[in-house]
Amino acid sequence: MEPRFRLMTNDELAKLLDDKDSKSTKNVVKQALDIFSSHCRARAIDIEQVENDYTEQDLCECLRRFYAEMRRTNGELYAKRSMITIRYGLQRHFLKTKSMDIVNSGDFKRANDIFAAVLHKLKTEGKGATTHKEPISREDFDKILSSSALDRTTPRGLQNAVFVNTMLHLCNRGRENLRDFKKTDFEIGTDSSDRRYVYLAKDKLTKNHRGEKDDDARSQCGRMYETNDENCPVKSFCEYMSHLNPDVPYFWQRPKSSVPPLRVSINDNNEAEEGLIQDLPWYDRQVVGKNALGNKMKTISTEAKTSRIYTNHCLRATAITTLDEHGFEARHIMSVSGHKSETSLKHYSRVPEGHKRKMSLCLSEKCHSDSVTPPPLRKSRPNVDLGVGPEPDVSRPSTSVVRSNVTLSQSPKSTFIVPSSSPSSQSSPQTMNFVSNKLDVDQKNVVQYHFHHCTVNIVNK
């Protein structure tokens, strides 16, 4: 009988604890520690002594100089995001090795004051802005969809089309879990309206979802629904799955250079036997390389000749930005993107390129119209003097009044001013027709008003 419990060594426990952090976090800690160690060597400080003997005060003084003197290998200052990332890596390291929080502890206030001053200096030198991945513009997306890179009649083009669709709808992050995806990770479901969709059936470990005790949400809840056009993503997905090599469980398999010919079994009469025509796999028994998957959007955008080179993460930025522009609530977008807080979504809430272009043209038109001298006001005929009302405002154009024999259906006690339809009035937009009911007008009952560059006379009998 096998034992109920699996006894673990100290090394296995340490590995279990180490595996809790993502690979990217481990890389950040390693790079930060390498930079800090290089600085210690430059100042003739023994890094082993820092690790074993330094107190909070000693480490604070060491970090003060490190933050102020930290440079790239070419002597230039790090960007703001790089500075923050390096400090984060050191924070994780010293929390683990010395139980010292170099960011939040008051013992390191002097070092953090220097860090804030360095960030201020970076801002003055133009290195304070953080560059986020740009969403793909509408024009560039049209180029990608119509390019040979997404030709679904070829193994490579079909895989690229499925890659763009799944990354966009499932909102996957860059290279995360790409090479580990298997065919069994995806399933096709049907909703209550009888529409099919593709979804990620097996929850994956992601940067934002590390399996914490209070993390019960799925990491990716996006769905890729079928459409009625020829570029239906579900149709492309099903076709791709049917051409995959059955001997390889992984989803991203290396595509063949061309579509393999059909394998046909011939009988004794030199005829193809029914049911023995086999469609050979379009993909080899190898998984696509890590770098090839990681640079897939760079390759696609280069072949499509887009305005800029996009990365895999740009598809995620495109998905979140598009959903935000169409008014979906943040909590619904988070269910697709896997973000834990609405604050993280603010990085993707940016002004689209098309809106920037429209705003610029609007401002250009404003500058252009302001620079043009308006034409002088056309001299109009003198106002009809009815003997009452205030003197006409000389700063406003006067109104010419013309008698007409048009009878109105309104009360016979009123007279109205209406725009003239005569050719003379069309040539002069300031001319108005005086419409009367043929009754004599008592000039003492006329009231004259001035507004919107017009003079209006209202007569009541």
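For the structure given in this document, a descriptive report is provided here. (Residues numbered from 1 in each chain as written. Predicted model: local features only at pLDDT ≥ 70, side-chain atom pairs only at ≥ 80, totals over all residues. Heavy atoms only, no water.)

Re unusual backbone geometry
Line of reasoning, step 1. The phi dihedral of A44 falls on the positive side, at around 60°, and the residue is not glycine.
Line of reasoning, step 2. Structurally, the position occupied by A44 is in the loop between α2 (23–42) and α3 (47–52).
Line of reasoning, step 3. Unusually for a residue other than glycine, D194 sits at a positive phi of about 65°.
Line of reasoning, step 4. Considering the arrangement of structural elements, one finds D194 in the loop between β1 (186–190) and β2 (196–200). (Helix = DSSP H or I, 4+ residues; strand = E, 2+ residues; numbered from the N terminus.)

Structural notes on the sheet that holds strand β3 (residues 223–225)
Line of reasoning, step 1. The sheet built from 3 strands is open, its strands ordered β1-β2-β3 with antiparallel pairing. Strand pairing shows two members of the sheet lacking a second neighbour, β1 and β3, which therefore form its edges. Across the sheet, the axes of successive neighbouring strands diverge by a mean angle of 30°, strand direction being ignored.
Line of reasoning, step 2. In this sheet, β2 lies alongside β1 in antiparallel orientation, the contact comprising 5 bridges. Bridged to T190 within β2 is R196. (Pairing = 2+ DSSP bridges. Axes fitted to C-alpha atoms, helices over the stretch in contact; angles between N-to-C directions.)

What to know about the layout of surface pockets
Line of reasoning, step 1. Taken as a whole, the second largest pocket encloses approximately 1100 Å³ of empty space.
Line of reasoning, step 2. Contributing to the lining of the second largest pocket are 39 residues, with R138, F141, L168, T318 and T322 lying nearest its centre.
Line of reasoning, step 3. Where the lining of the second largest pocket is concerned, the elements lending two or more residues are α7 (138–146), α8 (155–170), β3, α12 (312–325) and α15 (353–371).
Line of reasoning, step 4. If you tally residues by element for the lining of the second largest pocket, the top one is α12, at 6 residues. (1 Å grid on protein atoms, 1.4 Å probe; cavity = no way out; pocket = protein on both sides within 12 Å on 5 of 7 lines; lining within 4 Å. Points joined across faces, edges and corners; volume = space filled by probe spheres on them.)

Digging into the pattern of salt bridges
Line of reasoning, step 1. All told, the structure shown has 13 salt bridges when counted by the stated rule.
Line of reasoning, step 2. With its nearest N and O atoms 3.0 Å apart, the salt bridge here joins K109 to D113. With K109 and D113 both in helix α6 (residues 109–124) and 4 residues apart, this pair spans about one turn of that helix.
Line of reasoning, step 3. When its relative accessible area of 51% is taken as the criterion, K109 is described as exposed.
Line of reasoning, step 4. Take D113: its relative accessible area is 40%, and that puts it in the partly exposed class.
Line of reasoning, step 5. Here K256 ties to D284 by a salt bridge, and the two come within 2.8 Å at their closest N and O atoms. One end of the pair, K256, is in the loop between β4 (253–255) and β5 (263–266); the other, D284, is in strand β7 (residues 283–287), and 28 residues separate them in sequence.
Line of reasoning, step 6. Here D284 falls in the buried class, since its relative accessible area comes to 18%. (Salt bridge = Lys/Arg side-chain N within 4 Å of Asp/Glu carboxyl O. Buried < 20%, exposed > 50% of the residue type's maximum accessible area, 1.4 Å probe, protein only.)

Details of a positive patch on the surface
Line of reasoning, step 1. Residues K23, K133, R175, R179, K290 and K298 make up a contiguous surface patch of positive charge.
Line of reasoning, step 2. Relative to the assigned elements, R179 resides in the loop between α8 and β1.
Line of reasoning, step 3. Overall, R179 belongs to the partly exposed group, its relative accessible area being 41%. (Patch = residues over 30% accessible without salt bridge, like charges linked within 9 Å, V, L, I, M, F, W, Y side chains within 5 Å. Areas by Shrake-Rupley, 256 points an atom, 1.4 Å probe, with all protein chains shown as cover. Lys, Arg positive; Asp, Glu negative; His and termini not counted. Charge placed at Lys NZ, Arg CZ, Asp CG, Glu CD.)

So, the state of the cysteines
Line of reasoning, step 1. Per the stated rule, a full pass over the model turns up 0 disulfides.
Line of reasoning, step 2. Looking at the unpaired C232, the closest cysteine sulfur is the one in C238, lying at 8.0 Å.
Line of reasoning, step 3. Residue C232 is classed as buried on the basis of its relative accessible area of 5%. (Disulfide = S-S within 2.5 Å.)

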